[in-house]
Amino acid sequence: MGLAQGVTELFPISSLGQAVILPTVLGWHSLVRAQSRPESFFLAFLVGLHVATATALLIYFWNEWRGIIGGFFRTLEVGVRERRPPWAVIRTPNQRMAWLLVVATIPAGLTGVVLEHLFRVTFAKPLFAAVFLTVNGVILLAGEVTRRRSEVRAVALAHGTYEGSEARRLDTLEFREAAIIGVAQVFALIAGISRSGVTMVAGLLRGLNHEDAARFSFLLATPIILAAGVYKLPDVFGPLGNGIRMQVLAGSIAAGIAAYLSVRFLMRYFETRTLLPFAIFCLVEGAAATVGFALTGHTF
């Protein structure tokens, strides 16, 4: 489970969906049922895996995060001194990236706090996860088709592109566009819909190339995953963690290593390649699991 979490949180194939589908296929039905409960040992276990995944992302992008965090506090300092909103005194790419991430984090953060339990109880079921994994494949495929349209290229050209490329520079994203990408991230609360997948597609449709869309997606995922994990981390040290703390440790180590290797691979992969293989994977796995779960009655 740790290896699966570390890989699928970053690969656009839905870690939450795989956390439902994989135990069902392996016959670990008690784990699947546990996800639908308000509190359970399995949720405590998953918390540890998420914290490890976010830590791996933080380590990989540490140099960028240092600049982003420094830029954020610099705008606060200048804003107070000049008596202006901090986002109105942005002067560097790092400062702009900091506030783009703040704006994009708000929709998923608020929705997660309010509706996370409802989404989990309603959709964290094998058949639902399989159906929405198929939907995820359609989203990835549609994103790849749509990004080639003239309207998307026009957006990129209107905001400034890299030299010799039609791809838009990441630091030209507007705040409303960051908010749109953040809203797309909300759909990842549904098991089967990939956080990295939907945010990458949203970035591609605003004229970003695959590498920058992936970079923004992974940077955006880090505070959300880490905050959700830290918020639930006391569960691991409370009664829900009794008897599973060594399993949490083993799974977290596996998840952290897998996540670090995955983000390292994907950042190189997206320099030249697309989401198409992941779209095909989701369509095939989702369709096969949907048929299989429907026939075997795994709809709980």
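## Structural notes on the overall build of the protein chain
Moving on, step 1. Tallying secondary structure elements over the protein chain gives 14 helices and zero strands in all.
Moving on, step 2. When its helices and strands are written in sequence order, the protein chain yields α-α-α-α-α-α-α-α-α-α-α-α-α-α.
Moving on, step 3. Rg of the C-alpha trace for the protein chain: 19 Å, near the compact-globule value of 19 Å for 300 residues, within the 12% margin.
Moving on, step 4. Taken along the three principal axes of its C-alpha coordinates, the protein chain extends 55 × 45 × 30 Å.
Moving on, step 5. Relative to its full complement of 300 residues, the protein chain shows a buried share of 49%.
Moving on, step 6. Taking the intrachain contacts of the protein chain between residues at least 6 apart in sequence as the baseline, contacts between residues at least 24 apart amount to 76%.
Moving on, step 7. For the protein chain, the exposed area adds up to about 13,700 Å²; of that, 68% sits on carbon and sulfur atoms.
Moving on, step 8. Each charge class in the protein chain can be summarised by its mean position, and for the 26 positive and 18 negative side chains these summaries are 3 Å apart.

## A look at helix H14 (residues 276-296)
Since there are 3.6 residues in each turn of an α-helix, residues three or four apart along the chain are aligned in direction.
Moving on, step 1. Taking 1.5 Å per residue, 21 residues should reach 30 Å; H14 reaches 30 Å between its end C-alpha atoms and fits that length.
Moving on, step 2. Residues of H14 that are buried in the fold lie against helix H2 (15-25), helix H7 (126-146) and helix H13 (245-269).

## A few points about the environment of Leu 240
Moving on, step 1. Positionally, Leu 240 belongs in the loop between helix H12 (234-237) and H13.
Moving on, step 2. Sequence separation of Leu 240 and Ala 44 is 196 residues, and the distance between their C-alpha atoms is 6.5 Å.

## A short note on the pattern of salt bridges
Moving on, step 1. Under the counting rule described, the total for this entry stands at 12 salt bridges.
Moving on, step 2. Residue Glu 9 pairs with Arg 195 through a salt bridge whose shortest N-O separation is 3.4 Å. Separated by 186 residues along the polypeptide, Glu 9 in the loop between helix H1 (2-8) and H2 and Arg 195 in helix H10 (residues 195-204) bring together distant segments of the chain.
Moving on, step 3. Residue Glu 177 pairs with Arg 168 through a salt bridge whose shortest N-O separation is 2.6 Å. Each member of the pair Glu 177 and Arg 168 is classed as buried.
Moving on, step 4. Several salt bridges share partner residues, and in doing so they unite Glu 64, Glu 211 and Arg 215 into one network.

## Quick notes on H13
Moving on, step 1. Helix length check: H13, at 25 residues, gives a terminal C-alpha distance of 35 Å against a target of 36 Å (1.5 Å per residue), a fit within 8%.
Moving on, step 2. Those residues of H13 that fall on the buried side of the exposure criterion are Val 248, Gly 251, Ser 252, Ala 255, Gly 256, Ala 258, Ala 259, Ser 262, Val 263, Leu 266, Met 267 and Tyr 269.
Moving on, step 3. Contacts from the buried residues of H13 go to H1, helix H4 (41-60), helix H11 (210-232), H12 and H14.

## Here's the deal with the packing of aromatic side chains
Moving on, step 1. Taken as a whole, this structure holds 12 aromatic pairs when the rule is applied.
Moving on, step 2. Ring centres of Trp 87 and Trp 99 lie 5.6 Å apart, and the angle between their planes is 70 degrees; this geometry places the pair in the edge-to-face category. With a gap of 12 residues between them, Trp 87 in the loop between helix H5 (62-82) and helix H6 (93-123) and Trp 99 in helix H6 connect regions that are remote in the sequence.
Moving on, step 3. Looking at Trp 99, the relative accessible area reads 9%, which means it is buried.
Moving on, step 4. Each member of the aromatic cluster is reached from another via a ring pair, and the members are Phe 11, Phe 265, Tyr 269, Phe 270 and Phe 278.
Moving on, step 5. One cation-aromatic arrangement involves Arg 96 over Phe 175; the distance from NZ or CZ to the ring centre is 5.3 Å.

## Describing the packing of H4 against H13
Moving on, step 1. Between H4 and H13, the shortest axis-to-axis distance is 8 Å and the interhelical angle comes to 35 degrees. The crossing of H4 and H13 is right-handed. Seen from H4, the contacting residues are Ala 44, Phe 45, Gly 48, Leu 49, Ala 52, Thr 53, Ala 56, Leu 57, Ile 59 and Tyr 60; seen from H13, they are Gln 247, Val 248, Gly 251, Ser 252, Ala 255, Gly 256, Ala 259, Tyr 260, Val 263, Arg 264 and Met 267.
Moving on, step 2. In terms of residue class, the contact of H4 with H13 is made up of 14 nonpolar, six polar and one charged.

## Considerations on the side chain of Thr 222
Moving on, step 1. Structurally, the position occupied by Thr 222 is in helix H11.
Moving on, step 2. In this structure, Thr 222 is in contact with Ala 54, Leu 57, Leu 58 and Trp 65, ignoring residues within four places of it in sequence.

## Focus: a nonpolar patch on the surface
Moving on, step 1. Together, Leu 141, Val 145, Leu 276, Ile 280 and Val 284 line one region of the surface with nonpolar side chains, adding up to about 420 Å² of accessible area.
Moving on, step 2. Going through the elements one at a time, H7 and H14 are the ones with two or more residues in the nonpolar patch.
Moving on, step 3. Here the element with the most residues in the nonpolar patch is H14; it accounts for three residues.
Moving on, step 4. The exposure class assigned to Leu 141 is partly exposed, which follows from its relative accessible area of 35%.

## Section: the environment of Thr 146
Moving on, step 1. You can see Thr 146 is positioned in helix H7.
Moving on, step 2. We classify Thr 146 as partly exposed; its relative accessible area is 24%.
Moving on, step 3. In this structure, the C-alpha to C-alpha distance between Thr 146 and Val 103, residues 43 residues apart in sequence, is 25 Å.
Moving on, step 4. Those residues in contact with Thr 146, other than ones at most four positions away along the chain, are Val 152 and Leu 205.

Calculation notes
- Residues numbered from 1 in each chain as written.
- Predicted model: local features only at pLDDT ≥ 70, side-chain atom pairs only at ≥ 80, totals over all residues.
- Heavy atoms only, no water.
- Helix = DSSP H or I, 4+ residues; strand = E, 2+ residues; numbered from the N terminus.
- Rg over C-alpha atoms; globule rule 2.2 N^0.38 Å.
- Buried < 20%, exposed > 50% of the residue type's maximum accessible area, 1.4 Å probe, protein only.
- Contact = heavy atoms within 4.5 Å.
- Areas by Shrake-Rupley, 256 points an atom, 1.4 Å probe, with all protein chains shown as cover.
- Lys, Arg positive; Asp, Glu negative; His and termini not counted.
- Charge placed at Lys NZ, Arg CZ, Asp CG, Glu CD.
- Expected span 1.5 Å × (residues − 1).
- Salt bridge = Lys/Arg side-chain N within 4 Å of Asp/Glu carboxyl O.
- Phe/Tyr/Trp six-rings, centres within 6.5 Å; stacked < 30°, edge-to-face > 60°.
- Lys NZ or Arg CZ within 6 Å of the ring centre and 35° of its normal.
- Axes fitted to C-alpha atoms, helices over the stretch in contact; angles between N-to-C directions.
- Left-handed = near helix turned anticlockwise from the far one by under 90°.
- Nonpolar A, V, L, I, M, F, W, Y, C, P; charged D, E, K, R; others polar.
- Patch = residues over 30% accessible without salt bridge, like charges linked within 9 Å, V, L, I, M, F, W, Y side chains within 5 Å.

In short, geometric facts, not functional conclusions.
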